[in-house]
Amino acid sequence: FKSSAAMAEEGVVVQNDGAAQETAVSTLAGEKRPREEIRREDYPSKNAYKKALKDRRRLETKRVRQAERKKEKALQKEQKKEERLKEKETLTPEELQEKKKLRLEFIADRRSKQEERQRKLKEASESSTICVIDLEFGDLMTESERKSLAHQLMYCYSSNLKSEKPCRILLSGLDGSIAQSVHALSGFDNWPVGKEKGSYLDALSGRKEDLVYLSADSENVVREFDPSKVYIIGGLVDRNRHKGVCQRKAEGQGIATARLPIQDHVKLQTSAVLTVNQVFDIFLKFRESKDWGKTLKSVIPSRKLSSK
């Protein structure tokens, strides 16, 4: 945990009780953002509170570095352009023709990859297997947690494109504060996924008996992913502040629940709490391999696995 002086250098004003006051954070681009309020009473422990402050400082540092990289890339682009113009003046007509040929081959290869990507997108959008990511927990998360969740959705989308057996993604509860974070993702509006402001119960009316909410607190264990079922992943990043919230929600709605068989196949040295994109990757990879051990070891970070 950083000292008050170190936090002050990053734009954080520290009160006598150690809580960060709200202030504006300046970036290299001259932009000022209002700081998110992080209150001690919202966290179950002092360590969780400190971790939230640390996460926010890391996010602010990341923004500054992104601005630096953007400027650096623009400078490099200009330098490369000047180098190409100088090189062109020294080349013979034959050498220029050869460079043109290589350029055309590169464009053709890129077009081929784009066509393959479009094929994957079409396959995913037409898949009969649906995976719902429930985004109705926006009010339970801080701004930084909502942004973290938005990036996890981006990883889910990317994994689905690369999968041998892509599924149809349905984002439900895409409204309010969480919608703002998700729509801020570059290219999100063009994602060929289901986007619903309302509940999955409305989007999938008539299929309530097919819904299975994946919850670490469930007494039921997933042995196989039934293609006739619709599996739901809770879209929540909460630093363990809201334990059991997905299980209680599903029970209140009369929906079946199930947990992944993690403890049956791997030994963990930390909790079995996984990110949204990790659960989604397990869903995809098991459908490809049908091997729980292989799937779990390929997705769960090695730092969480016990060597014993």
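Look above for the structure.
Report on the accompanying structure. (Residues numbered from 1 in each chain as written. Predicted model: local features only at pLDDT ≥ 70, side-chain atom pairs only at ≥ 80, totals over all residues. Heavy atoms only, no water.)

This part covers the pattern of salt bridges. Per the stated rule, a full pass over the model turns up eleven salt bridges. For Asp-134, the salt bridge is made with Lys-249, and the minimal N-O distance between the two is 2.6 Å. Highlighted residues: Asp-134 in strand β3 (residues 130–134) and Lys-249 in helix α7 (residues 245–253), separated in sequence by 115 residues. Asp-210 is paired through a salt bridge with Arg-207; the nearest N and O atoms lie 3.2 Å apart. Each of Arg-39, Glu-41 and Asp-42 takes part in one network of salt bridges that share partners. (Salt bridge = Lys/Arg side-chain N within 4 Å of Asp/Glu carboxyl O. Helix = DSSP H or I, 4+ residues; strand = E, 2+ residues; numbered from the N terminus.)

For helix α9 (residues 276–289), with 14 residues, the first-to-last C-alpha span of 20 Å sits near the 20 Å given by 1.5 Å per residue. Most of α9 is tucked away, with eleven of its 14 residues classed as buried. Contacts from the buried residues of α9 go to β3, α4 (143–162), β4 (168–172), β6 (211–214), β7 (230–234) and α10 (292–299). Lys-290 sits one or two positions beyond α9 and adopts a positive phi of about 60°. (Expected span 1.5 Å × (residues − 1). Buried < 20%, exposed > 50% of the residue type's maximum accessible area, 1.4 Å probe, protein only. Contact = heavy atoms within 4.5 Å.)

The strand order across the open sheet built from six strands is β5-β4-β3-β7-β6-β8, with neighbouring strands paired in parallel fashion. Edge positions in the open sheet fall to β5 (194–195) and β8 (256–258), since each of these has one partner strand only. Pairing of β6 with β8, which is carried by three bridges, proceeds in the parallel orientation. Bridging across to β8, Val-212 finds its partner in Ala-256. Across the face of the sheet, α9 comes into contact with β3, β4, β6 and β7 while running at roughly 160° to β7. (Pairing = 2+ DSSP bridges. Axes fitted to C-alpha atoms, helices over the stretch in contact; angles between N-to-C directions.)

Its identity as a non-glycine residue notwithstanding, Lys-290 has a phi of 60°, on the positive side. Counting through the fold element by element, Lys-290 comes out in the loop between α9 and α10.

Side chains of Lys-77, Lys-80, Lys-81, Arg-84, Lys-99, Arg-103, Arg-110 and Arg-111 sit close together on the surface and give a patch of like positive charge. The set of elements that each furnish at least two residues to the positive patch consists of α2 (46–90) and α3 (93–126). (Patch = residues over 30% accessible without salt bridge, like charges linked within 9 Å, V, L, I, M, F, W, Y side chains within 5 Å. Areas by Shrake-Rupley, 256 points an atom, 1.4 Å probe, with all protein chains shown as cover. Lys, Arg positive; Asp, Glu negative; His and termini not counted. Charge placed at Lys NZ, Arg CZ, Asp CG, Glu CD.)

Here α7 has its buried residues at Val-245, Cys-246, Gln-247, Lys-249, Ala-250 and Gln-253. Lining the buried residues of α7 we find β3, α6 (200–203), β6, β7 and β8. Where α7 terminates, the next one or two residues include Gly-254, which has phi positive at roughly 70°.

Our focus in this paragraph is the side chain of Thr-129. Checked against the element boundaries, Thr-129 lands in the loop between α3 and β3. Beyond its immediate sequence surroundings of up to four residues, Thr-129 is in contact with Cys-167, Arg-168, Phe-283 and Arg-287.

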